[in-house]
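Chains, contacts and geometry: an overview
The chain contents come next:
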Amino acid sequence: MSISFTVIIGLVIALASYFYVKSRRRPNLQQSMEQFKEQPRLPKFAVPKRYDIRLKPDLSACKFSGSVAIELNIVADARFIVLNAAELSVDTPSVSFTHSSNSKVLRPSKVDVVEEDEILVLEFADTLPIGMGLLTIRFQGTLNDKMKGFYTSTYNHNGEKKNMAVTQFEPADARRCFPCWDEPACKAMFKITLDVPSKLVALSNMPIIEEKVDGDLKTVSYQESPIMSTYLVAIVVGLFDYVEHLTSYGVKVRVYCQVGKVNQAKFALGVAVRTLELYKDYFEVPYSLPKLDMVAIPDFAFGAMENYGLVTFRETALLYDDQHSAAANKQRVVIVVAHELAHQWFGNLVTMEWWTHLWLNEGFATWVSYLAADNLFPEWKVWTQFLDDYTEGLRLDGLAESHPIEVEINHTREIDEIFDAISYKKGASVIRMLQSYLGAECFQRSLASYIKKFACSNAKTEDLWAALEEGSDEPVNKLMNSWTRQKGYPVIIVEVKDQKLVFEQSQFLAIGSHGDGQWIVPITLCCGSYDMCKNFLLDSKSGTLDMKEFLGDKSNLASAWVKVNVDQTGFYRVKYDDDLATRLQHAIENKHLSATDRYGILDDSFALCMASQQSLNSLLTLMGAYREELEYTVLFNLINISYKVERIAADATPELLEYIKQFFISLILHLEDKLGWEPKTGESHLDAMLRGEVLTALAVFGHDLTLKEANRRFRAFLDDRNTPLLHPDIRKAAYVAVMRKVSTSNRFGYESLLRVYRETDLSQEKTRVLSSLTSSPDPNIILEALNFLLSSEVRPQDAVLGLSVSREGCETAWTWLKDNWEHISKIWGSGYLITRFVNSIVSPFASFEKAEEIEEFFASRTKSKIARTLKQSIERVHINANWVQSVQREEHLAKALKRLVLRKI
């Protein structure tokens, strides 16, 4: 049979077209892979709806195997499925995709794991059909020791060391347990099944619906979860005791802990039940799961983690021992439990759309935790104590190397470093500022509306502003964008001119220069009395207020004190002209100002002094006005400022160091007489906390009688661990005092503290010891203590507790960090704790030469996980160096300081 030439030409053209189109539809593998690399987020052509996960952890071999079946909606033409996976061995033959419409099983032509981007790329021969389908994958992994992903934690039971299996998935480590779309916006339902040793407790987000025992193993199945993000999935397998209680609306609340510690779990249980009731009313939405478990984990990198229905904690943040925990430990349990339970609404029910909006989770949970604590324990005055968080936010945000609250995240490796004081504490502070501006009732009502609207969904910052704007008729979006989308904050310079108050804003930078930021600032002020108040928005660089119109004949501006930023509700600092500053000092001495305002005046003065915008002489003079201060929070800040000034003085004016120490002792010595060494019947919670802070400060500044008494009581404690002579509230103070007397030739205190550490099983006691060991003035002892932190006796999470070394040990600590950097990077480099090593050891230095040396060392050693922290730490060294030079230029400092000391004598 013959074929015409025309037909042959037609066939050739048709075949060429077919292969051309096919080649266009199927680019080479290199091109396919490149389009998914170094991307901040996964491609959007597949959306997960439901996960069915089965895991079998082997606690002896520290390995696990598993399978996942993911119901997917293919929403765009693609030949790829791209999801997250890290440190998993994927069983390639097991991978398949079955489309719901025709039940056809498709197997990928290529399965690739891109380790540096933590993605799993499945390439198929043909375009996947639009619609629902089922992706199945089997895999294996390692139960790691890095406190992230699916990991092991160790505990002792009947003298035997055992492993438990724990998950920690935030921010982006669910991918280390099972392949998934590991992004907050990719919410789905989760059905979990575990195969575990039959004698162990196995917990997950939801209640157990079936448990089948087969010899030494059991299969545990859990209810399907509501829609949630992968970072909130949780599993815990180990040996536990628990206590339980029901809320008034039927939610079962349990606290799990190691066997034998169940009495320490009761306080947190009561706090949790009361807090859930409070949040139900405040958010106007009940807790959305049938149960809430809280578990104390021996090895835990963070303070706690808000997994939906299964909240995990460090032991120190959940357990409270009536006999051996301090008042500060009790308060920490309340704040942390309230913070994590707030996340069950803010974070779990309504979830940030991407990590740029992390502050929506953490800032709100921080703020709400104080709301709850104040409701449960109003006598603690926690809103005054909130100023410590507020100040931490100001300190970090005063750096040029800070970042906006809403920070761009371009790769998951950048996420860890934004779990910082900006997201948590500045975030909480600007919420407090906004609530103060809008009013508590309006704010609460609008917040409840926001939660109802975005429940089981994702939200961005602008969604919250829209809800608050709608509920208040105020320009919330315009007002708040200046606070969340640019870094930093203003210092408001206030002067009196011709019976007018003149206000000028500029960006505050601790380095001493001024930035170019501008804010819409809610100004509040009082003049001569808290009855004479004024509020307005400063929306330009400067503004004036006619005081004659404001005051009328009620006060005389020429003599009345003026306090701007009343109760420190605004996230800014204030610099007064000399006359206004003097009036405020007199108002402090005459007890006319609230505790929050006394706190704010002192802290602003300290920040301005550090930035070389105010003399040390003026700061010390102001501190002298606090000689009769009794309020815990104000004194806590006064003491911390004293520590920092002492360190700078040691570098700037070593010849005046003893005078400065004597001055600081004179400010607080009366409190030792008032509070004593032992608890008093009926004393307040705040006095109990203050006692330890005062005694610690007196020990650090070398007060001889305090050092001797602390050592006497410590020896009694060594003989009898239940002696009333060393109450838990003062143990840290005694331990510091003991270490201040330790030297190479007098090792008794150091070796005795190590014995206390080794003999206790209370995590809070171990924490007290570790945070005291590096207080010695002897560099050789410091080195020994630092090496102990790296030993197997100290859990990796706790090593960072001993990094705040004495002033005399800074150089030793820096040498130690350099010598051990490779080891430290290996153990802690994959998580956020590595940043604590850098910040704690680098930041205290105060010379430009040291800053240069630090930069040179890290030039070839910087990882992306510490890049921001390193820059911030080096900036702090420059700030300290500038401060030293500023102090050295001050005239008459010695004379003024001697006068301040003699004034008390």
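Residues numbered from 1 in each chain as written. Predicted model: local features only at pLDDT ≥ 70, side-chain atom pairs only at ≥ 80, totals over all residues. Heavy atoms only, no water.

Another aspect to go through is the UniProt feature "binding site: Zn(2+)" (unreviewed entry) in the chain. When the UniProt feature table is mapped to this numbering, "binding site: Zn(2+)" (unreviewed entry) covers His339, His343 and Glu362. The largest pairwise C-alpha distance within this set of annotated residues, which runs over 24 residues, is 8.5 Å, so the set is compact in three dimensions. The topology assignment puts His339 in helix H4 (residues 327-343). Classification of His339 by relative accessible area gives buried; the value is 9%. If we ignore the near neighbours within four places in the chain, the residues touching His339 are Glu362, Ala365, Thr366, Ser369 and Tyr424. (UniProt positions renumbered as here; feature names shortened; annotations may be inferred. Helix = DSSP H or I, 4+ residues; strand = E, 2+ residues; numbered from the N terminus. Buried < 20%, exposed > 50% of the residue type's maximum accessible area, 1.4 Å probe, protein only. Contact = heavy atoms within 4.5 Å.)

In this section: helix H19 (residues 728-740). In this model H19 runs 19 Å from its N-terminal to its C-terminal C-alpha over 13 residues, within 8% of the 18 Å that 1.5 Å per residue would give. Judged by how many residues are buried, H19 sits mostly within the fold: 12 of 13 residues are covered. Buried within H19 are the following residues: Pro728, Asp729, Ile730, Arg731, Ala733, Ala734, Tyr735, Val736, Ala737, Val738, Met739 and Arg740. Buried residues along H19 sit in contact with H4, helix H17 (685-700), helix H18 (704-719), helix H20 (748-759), helix H21 (763-770) and helix H22 (779-789). (Expected span 1.5 Å × (residues − 1).)

The next point concerns the pattern of salt bridges. In total, this model carries 59 salt bridges according to the counting rule given. Note that Glu495 is salt-bridged to Lys497, the shortest N-O span being 3.8 Å. Members of the salt-bridge network, linked through shared partners, are Glu87, Glu118, Asp173, Arg175, Arg176 and Asp182. (Salt bridge = Lys/Arg side-chain N within 4 Å of Asp/Glu carboxyl O.)

One can find Asp388 in helix H6 (residues 382-397). Buried within the structure, Asp388 lacks any salt-bridge partner; its nearest side chain of opposite charge belongs to Arg395, at an N-O separation of 8.1 Å. Contact partners of Asp388, with chain neighbours within four places excluded, come to Tyr599, Thr633 and Phe636. (Lys, Arg positive; Asp, Glu negative; His and termini not counted.)

Contact pair helix H7 (residues 421-438) / helix H10 (residues 476-484): the axes reach a minimum separation of 11 Å and the direction vectors enclose 150°. If you check the angle between H7 and H10, you find them roughly antiparallel. Note on packing geometry: the crossing formed by H7 with H10 is right-handed. Side by side, H7 and H10 meet where Lys426, Val430, Met433, Leu434, Tyr437 and Leu438 of the first sit next to Val476, Leu479, Met480 and Trp483 of the second. (Axes fitted to C-alpha atoms, helices over the stretch in contact; angles between N-to-C directions. Parallel < 35°, antiparallel > 145°, perpendicular 65-115°, else oblique. Left-handed = near helix turned anticlockwise from the far one by under 90°.)

Right, let's get into the state of the cysteines. Applying the stated criterion across every chain yields a total of 0 disulfides. Just so you know, Cys186 is unpaired, no disulfide at all, and the nearest cysteine sulfur is the one on Cys180, 9.2 Å from it. Cys527 forms no disulfide, and the closest cysteine sulfur to it belongs to Cys526, at a distance of 8.8 Å. Here Cys527 falls in the buried class, since its relative accessible area comes to 1%. (Disulfide = S-S within 2.5 Å.)

It is worth spelling out a negative patch on the surface at this point. The grouping of Glu469, Glu470, Asp473 and Glu474 at the surface amounts to a negative patch. As for its position among the elements, Glu469 is in helix H9 (residues 461-472). Overall, Glu469 belongs to the partly exposed group, its relative accessible area being 31%. (Patch = residues over 30% accessible without salt bridge, like charges linked within 9 Å, V, L, I, M, F, W, Y side chains within 5 Å. Areas by Shrake-Rupley, 256 points an atom, 1.4 Å probe, with all protein chains shown as cover. Charge placed at Lys NZ, Arg CZ, Asp CG, Glu CD.)

Looking now at the sheet that holds strand E12 (residues 201-204). With respect to topology, 4 strands assemble into an open sheet ordered E9-E10-E15-E12, the strand pairing being antiparallel. With one partner strand each, in any of the chains shown, strand E9 (149-157) and E12 form the two edges of the open sheet. The mean angle between the axes of side-by-side strands here comes to 15°, regardless of whether they run parallel or antiparallel. The sheet contact formed by E12 and strand E15 (residues 235-238) spans 4 bridges and is antiparallel. Each bridged residue has a counterpart across the sheet, and for Val201 the counterpart in E15 is Gly238. (Pairing = 2+ DSSP bridges.)

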